[in-house]
Number of protein chains: 2
Amino acid sequence: MCGIVGMVGGDLTIKKLVDALRKLEYRGYDSAGIAFRTNEGLRVEKSAGKIDVLESHLGNMMSTGVLQGMAHTRWATHGEPSDFNAHPHTDCTGKIAVVHNGIIENFDELRTALESNGHIFKSSTDTEVIAHLIEDHYRGDLITALRHTLVDLEGAYAIGVMHQDHPDIIVAARKGSPLVIGATQGGGFMASDVTPLLKYLRDVHFMEDGELAVIKTGNVQILKLDGTPKVKAPTRITWSEDAAEKGGYPHFMLKEIYEEPQTLRNAITGRIKSKLPHFRELEKMGEDLTKIKGITVLACGTSYHAGLVFQRFVQDYAGIRAEIDVASEFRYRNLPLGEGDVVIAISQSGETADTLEGIRKARQSGAKVVSLTNVVGSTISRESDAVIYINAGPEIGVAATKTYVAQLAVLLLLGASLALNKRNPEVISQLVNEIEGLPTVFESVLASADEQCQRLAREYYQFRHFMYIGRGYSYPSALEGALKLKEISYIHASGYQAGELKHGPIALLDRDFPVFAIIPEDELKAKMLSNIMETRARDAKVVAICSESDREVSRAVNSRIEVPKVSAPLYPLVMSPYLQLFAYHVAVARGYDPDRPRNLAKSVTVE
Amino acid sequence: MCGIVGMVGGDLTIKKLVDALRKLEYRGYDSAGIAFRTNEGLRVEKSAGKIDVLESHLGNMMSTGVLQGMAHTRWATHGEPSDFNAHPHTDCTGKIAVVHNGIIENFDELRTALESNGHIFKSSTDTEVIAHLIEDHYRGDLITALRHTLVDLEGAYAIGVMHQDHPDIIVAARKGSPLVIGATQGGGFMASDVTPLLKYLRDVHFMEDGELAVIKTGNVQILKLDGTPKVKAPTRITWSEDAAEKGGYPHFMLKEIYEEPQTLRNAITGRIKSKLPHFRELEKMGEDLTKIKGITVLACGTSYHAGLVFQRFVQDYAGIRAEIDVASEFRYRNLPLGEGDVVIAISQSGETADTLEGIRKARQSGAKVVSLTNVVGSTISRESDAVIYINAGPEIGVAATKTYVAQLAVLLLLGASLALNKRNPEVISQLVNEIEGLPTVFESVLASADEQCQRLAREYYQFRHFMYIGRGYSYPSALEGALKLKEISYIHASGYQAGELKHGPIALLDRDFPVFAIIPEDELKAKMLSNIMETRARDAKVVAICSESDREVSRAVNSRIEVPKVSAPLYPLVMSPYLQLFAYHVAVARGYDPDRPRNLAKSVTVE
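Please read all numbers here as calculations on a predicted model, not as lab measurements.

### Observations concerning the overall build of chain A
- Counting its secondary structure elements, chain A contains 20 helices and 27 strands.
- Against the globule reference of 25 Å for 607 residues, chain A gives a C-alpha radius of gyration of 25 Å, in line with a compact fold.
- Principal-axis analysis of the C-alpha atoms gives chain A an extent of 80 × 55 × 45 Å.
- Here chain A holds 607 residues, and the buried ones make up 65% of them.
- Counting contacts in chain A only where the partners sit at least 6 residues apart, residues at least 24 apart contribute 72% of the total.
- A total of about 20,300 Å² of accessible surface is found on chain A, and carbon and sulfur atoms cover 47% of it.

### Observations regarding the UniProt feature "active site" (unreviewed entry) in chain A
Residues and elements named next belong to chain A.
- In the numbering adopted here, UniProt assigns the feature "active site" (unreviewed entry) to C2 and K602.
- Following the sequence through the fold, C2 ends up in the segment before β1 (3–8).
- We classify C2 as buried; its relative accessible area is 6%.
- Leave out the neighbours within four places in its chain, and C2 touches R27, H72, T73, R74, W75, H100, N101 and S192.

### So, the sheet that holds strand β21 (residues 368–373) of chain A
Residues and elements named next belong to chain A.
- One open sheet holds the five strands; their spatial order is β19-β18-β20-β21-β22, and the pairing between them is parallel. Because the sheet does not close on itself, it has two edges, and the strands there are β19 (322–326) and β22 (386–389). Going from strand to strand, the sheet's axes swing by 20° on average, the running direction of each strand aside.
- Relative to strand β20 (residues 341–347), strand β18 (residues 294–299) runs parallel, the two being bridged by six bridges. The partner of L298 across the bridge, within β20, is A345.

### Re the packing of helix α8 (residues 260–268) of chain B against helix α14 (residues 402–418) of chain B
Residues and elements named next belong to chain B.
- Two elements in contact, α8 and α14, have axes separated by 9 Å at closest approach and are oriented at 35°. As α8 runs across α14, the sense of the crossing is right-handed. Residue-level inspection shows E260, T263, L264, A267 and I268 of α8 in contact with α14, the latter providing K402, V405, A406, A409, V410 and L413.

### Some remarks on the relation of the copies chain A and chain B
- The transformation that overlays chain A on chain B combines an axial shift of 0.1 Å with a rotation of 180°, and the residual RMSD is 0.2 Å. The symmetry that links the two subunits is that of a two-fold axis.
- Most of the interface of chain A is mirrored in chain B, where 100% of its interface residues are also at the interface.

### Looking at the interface of chain A and chain B
- The interface of chain A with chain B comprises 64 residues on the first partner and 64 residues on the second.
- When chain A packs against chain B, close to 5,400 Å² is buried across both sides, 49% of that on carbon and sulfur atoms.
- Summed over the three residues of chain A that lose the most area to chain B, namely Y332, H492 and H503 of chain A, the buried surface amounts to 13% of that side.
- Linking chain A with chain B are four salt bridges.
- Put simply, D510 of chain B and R598 of chain A hold a salt bridge, and the shortest N to O gap is 3.3 Å.
- Applying the counting rule to chain A against chain B returns 30 residue pairs in polar contact (both at pLDDT 80 or more).
- Of all the elements in the fold, those that place two or more residues in the side of chain A that touches chain B are α10 (301–318), β19, α11 (327–330), β23 (465–470), α17 (474–489), β24 (492–497) and α18 (525–536) of chain A.

### Looking at the sheet that holds strand β13 (residues 219–223) of chain B
Residue and element names in this part refer to chain B.
- Taken together, the seven strands give an open sheet; going across it, the order is β5-β6-β7-β8-β12-β13-β14, and neighbouring strands pair in antiparallel fashion. Edge strands, defined here as strands with exactly one partner in the open sheet, are β5 (89–90) and β14 (229–230).
- Relative to strand β6 (residues 96–104), β5 runs antiparallel, the two sharing two bridges. Bridging across to β6, H89 finds its partner in V98.
- Packed on one face of the sheet, helix α4 (residues 128–137) meets β5, β6 and β7 (155–163) and runs near 130° to β6.

### Considering the domain arrangement of chain A
Residues and elements named next belong to chain A.
- What the domain assignment reports for chain A is domain 1 (3–240), domain 2 (246–423) and domain 3 (440–594).
- Here the C-alpha centre of domain 2 lies 32 Å away from the C-alpha centre of domain 1.
- In terms of surface lost to domain 2, no three residues of domain 1 exceed Y26, W75 and E105, which account for 40% of the buried area on that side.
- At the junction of domain 1 and domain 2, the tally comes to one salt bridge.
- Measuring nitrogen to oxygen at the nearest pair gives 3.8 Å for the salt bridge that ties R280 to D108.
- Across the domain 1-domain 2 interface, the total number found is one residue pair in polar contact (both at pLDDT 80 or more).
- Split into classes, the residues belonging to the side of domain 1 that touches domain 2 amount to seven nonpolar, five polar and five charged.

### Comments concerning the pairing of strand β2 (residues 31–38) of chain A
Residues and elements named next belong to chain A.
- Most of β2 is tucked away, with eight of its eight residues classed as buried.
- Across the two faces of β2 the burial is the same, with S31, G33, A35 and R37 and A32, I34, F36 and T38 all buried.
- Where β2 and strand β3 (residues 41–48) come together, eight bridges link them in antiparallel fashion. The residue of β3 that forms the bridge with F36 is R43.
- What sits between the antiparallel neighbours β2 and β3 is a turn of two residues.
- Where β2 meets strand β4 (residues 68–74), seven bridges bridge the pair, whose relative direction is antiparallel. Within the sheet, the bridge partner assigned to F36 lies in β4 and is G69.

### A few points about the pattern of salt bridges
Residues and elements named next belong to chain B.
- Going through the model one piece at a time under the given rule, you end up with 73 salt bridges over all chains.
- Residue R174 is joined to D209 by a salt bridge in which the shortest nitrogen-to-oxygen separation is 2.8 Å. Pair noted here: R174 is in strand β8 (residues 170–175) and D209 is in the loop between β11 (203–206) and β12 (211–216), with a separation of 35 residues, a long-range link.
- Taking the relative accessible area as the measure of exposure, R174 reaches 17% and is therefore buried.

### Some remarks on unusual backbone geometry
Residues and elements named next belong to chain A.
- Following H87, the chain continues to P88 via a peptide bond in cis, the omega torsion being -5°.
- Within the secondary structure, P88 is located in the loop between β4 and β5 (89–90).
- Even without a glycine there, the phi angle at D539 is positive, about 75°.
- Within the secondary structure layout, D539 lies in the loop between α18 and β26 (542–547).

### Some remarks on helix α12 (residues 353–364) of chain B
- Taking 1.5 Å per residue as the helical rise, α12 of chain B with its twelve residues ought to reach 16 Å, and the 17 Å between its terminal C-alpha atoms agrees with that figure.
- Packed against the buried residues of α12 of chain B are β18 (294–299), α11 (327–330), β20 (341–347), β21 (368–373) and α13 (379–382) of chain B.

What counts and what doesn't
Along every chain, residues carry numbers that run from 1 in the direction the sequence is written. Working convention: letters from A go to chains and numbers from 1 go to ligands, in the order in which they are written. The model is predicted, so local features are restricted to residues of pLDDT at least 70 and side-chain atom pairs to those at 80 or more, both for listing and for counting; the totals for chains, interfaces and linings are taken over all residues. Side-chain calculation: all heavy atoms of the structure are included, whereas hydrogens and water are not. Going along the chain from the N terminus, every DSSP run of H or I of four or more residues is numbered as a helix, and every run of E of two or more is numbered as a strand. We take the radius of gyration over the C-alpha atoms and set the globule estimate at 2.2 Å times the residue count to the 0.38 power. Note on exposure labels: buried denotes an accessible area under 20% of the residue type's maximum, exposed denotes more than 50%, and partly exposed covers the range between, all computed with a 1.4 Å probe on protein chains only. Contacts are assigned to residue pairs with any non-hydrogen atoms lying within 4.5 Å of each other. We get accessible surface area from the Shrake-Rupley algorithm with a probe of 1.4 Å; when it comes to residues, only the shown protein chains can shield them. UniProt positions are given in the numbering used here, feature names are shortened, and annotations may be inferred rather than shown by experiment. By definition, two strands form a pair when at least two bridges between them are found by DSSP. All axes are obtained by fitting lines to C-alpha atoms, using only the stretch in contact for helices, and the reported angles, taken between N-to-C directions, cover 0 to 180 degrees. The sense of a crossing depends on the near helix, which, turned anticlockwise from the far helix by less than a right angle, makes the crossing left-handed and, turned clockwise, makes it right-handed. For this overlay, a least-squares fit was computed on C-alpha atoms, restricted to residues scoring pLDDT of at least 70 in both copies. Put simply, buried area is how much 1.4 Å-probe accessible surface two parts lose in total, over both of them, once they are put together. Salt bridges, as used here, are contacts in which a Lys or Arg side-chain nitrogen is within 4 Å of a carboxyl oxygen on Asp or Glu. Polar contacts, as counted here, are pairs of nitrogen or oxygen atoms within 3.5 Å of one another; within protein the pair requires one atom able to donate a hydrogen and one able to accept it, and residues that are adjacent in sequence qualify only if both atoms are side-chain atoms. Domain segmentation is taken from an automatic or database assignment of domains. Classification used: nonpolar for Ala, Val, Leu, Ile, Met, Phe, Trp, Tyr, Cys and Pro, charged for Asp, Glu, Lys and Arg, polar for all others including Gly. Working rule for helices: expected span equals 1.5 Å times residues minus one.

Here's what the structure looks like:
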């Protein structure tokens, strides 16, 4: 997730471009850069760090008037955050500049081919191949060159391109990553979201997958890949700037839940090869991964819940012994770890203090550490033997939502890849295929989940207690559902293995203490139904989250939400938006700001 | 823990003896038996099962008048519950009958010696050696024979002895197990507690360790082991019969907490040999225990918390990889268990359905199962490769108290025994020595804990929420403390690793949500203090359970309880009575019956 802006024509200055870019800083702040066209030609300036760093680097150039320009703020995926890897990227001639948000999956092959044709690369990014491809395909018409380039690309992108010989246009394309364009008599505009544009115009086009555009003063022209024009009416934006930052949603949390289909796409992209899971990041681990004696998962909070799913999955599916511990406990344990042990450390921020110390301890003992994080170049990513990025982009809401979904998707693919030597590839590719279909499943889920969860929240927001229960793969969902409610609605919610209720916690239940049962269509459903009956016998109300048209559950509970049917290990994913939306609407109904829960911080860098 | 009664003289009938025995049925009901002296001589009748079975076996003998008699209801320790193993036991001549409550630690050596001298044994109990020893030492004076016998015995006992040639007396001795005696003109009496005697007398002697007694109509004579008489004033009992059943305590739960010093003694007895831990029960496991690849602990509820302590201890102390799972989850997991894996299954009742199924699954996969239970002959004990009994005796209170303490003591000794090949024996024997001293520590704890906990309960019983936190060995204590409160006071209490608070749960805290911090003097104290400061900053009240005269903690918290200093792995034991007493007094203050919490059953034989 990166942020891009582009402007052409009118009384454009570098300052206008940088100011516009600031509106997108929430999308990443590893590095920033700008390409601009003065009468002297096309020039690129960029630097690692936040936009402030770029601004002081630009110094008194800021007021320079330019013909066209594009700027980029980066959330690193391929290549460390550095000056070299910052966007924009240019071709060999320096005449073409490209900004890109997304991931080019086949960049390795493309780069090899381009290099063998004599192209010289200056960065280690996937994006740079786009500039060189356009250079290759350019015969005087920039949009045609871009059309040919898109044919070569696999992956997700929002792309903006400038060419020194075309100072009056910016060309753009979108597949999988957002891009908004528009034009007035004062100039042409493009950006990753609408916020930087609101100062200049209200009628915009949200580009759709497969569309290209030529942007100039006065109008934008939208084309299909084959070059035929598309005629579309613009969308009029009535949001305030504040609402626009949140994509029109009242809170970042809700916006980020709605980003989950895209988050899933980004998490999966590049990690499936010939229908099987593939992690390029792990190639350097070599035998350490094929000869695993045991896995230890290390995490805190929501990441710990993702880890619980992984622990079960890797045991069930790959037949590998797997333990899990919260990092604050792990680091003070005397664990018999050593050669052959692999630690999977999960931290959204990559800076979680306890997890970091756990990693150090594990490596000292001789174990190898693979970390899963959202932040390229974070301390944890630097101190691990291998890093897998979940590519979820910045998350503003303090309570994790889309990053949990991204963690789960990556962990399932990772678990499946560890099963490659032990399972029929056909079985694995079936599961992978199902994971690949999840973004679409999530889109249909999000089309109706919000209304269902809001209705439920209205019914239950006044309770002071909740007991979330689940079994098997749904136990981590129970913990995570309870945690979400605790974090943002301050309702005391407990998560339990449903089978443990009778060993004590059931004493709590009565008419004032409802149960939230997570009960998908799996082999444990019958046991869950028995547990639900026991809680009903104590007068507790039961909300169930169950599979579509499950009549047995419907009859047994007071209220329910229905989720699409998927394979058992995928339920923790499909359950997530419902649990998150329920917590969200309860918090809102109780009058709290879900984006800024009391007492909490986004990145826990203390112990 | 067994129950014994004895009566001599007056208008005694078998029915009177059996009725008296019923008052002790709470002490065990695996088998029952009676020895009685009619004009025809001494006779013994006994049968497996409850006292009802004995009564129907006796049939119309019930009304028979007898000169003297002793009866016994058994909680099996050595030897399965069966007719043969039921008490009373007799010598070779059949003239001597013995009832016994306790464990004779050196019975194996004694039996071997007796057998090589020609004695024929009829049972597999430890008790029968007493009868044969008395036979050996008897020269016409029963009390002298008993004095010599006691010199041979190691272990704990309350013993009653009858001899056919002495129909007017019963002789008795006590060390470690309770025995109450008394006499009126209507006869002489003895029993494990005062309840069976209240119908006949109110002035009794609670025998002390090392005392012997000759009981007859009109008086009891108390002697020391060397034969010198002791003069003691009797104690007048003013309790009602109902109160007497509870040992004078208002609830069984409180009585059972006060039994913990004795429970500890019983749990430890026979498990230390030459200052090192020793489990005779495990000898048959042979190499399975010296070549452990890994341990998996399997349990539910409170037993699970004891298992958490063991898991940590066996990792820390014995350097053995150890995992833990709640049984209801374990049984549906696909765990890579096999040869070299040892499963430690913990179930107080020995009948917990999920644990039993987990054991079956583990054994099918090739793992060996060692179970820890309180009930001899229970299903789990029969289906395991080896069984270790915690010897806590029946627990009437539904919320586990003394059995948790017994589990912890046995598990620590077990963990220490697994470290025998890996650690300096000196280090192990130091720890064992500290464990041996725990009963005395508990006695001093219980002298003041009740008052402290009651004071605290008065301060906090009106809160509706509690957050229990701990780190390391104190994390299981946090879970167990929270569970006790949930079970009997219905206050919603959560147990958390203190380091996890910041990852979400801390959002719950405010002035209405107090924190119960378990913070002993160990290497994690500084971290705990930081966590406490964080919770104080949220206006939450903090109760701490800390080490004696810890000024740092005192300054940081609102209220505190002080516990004696012990080594880190022993804190879960020492914390227990405080956590239990706090929950008890809160429940009482809230008007609930702590013995019979709503919605709960003692033995969970459903899933």
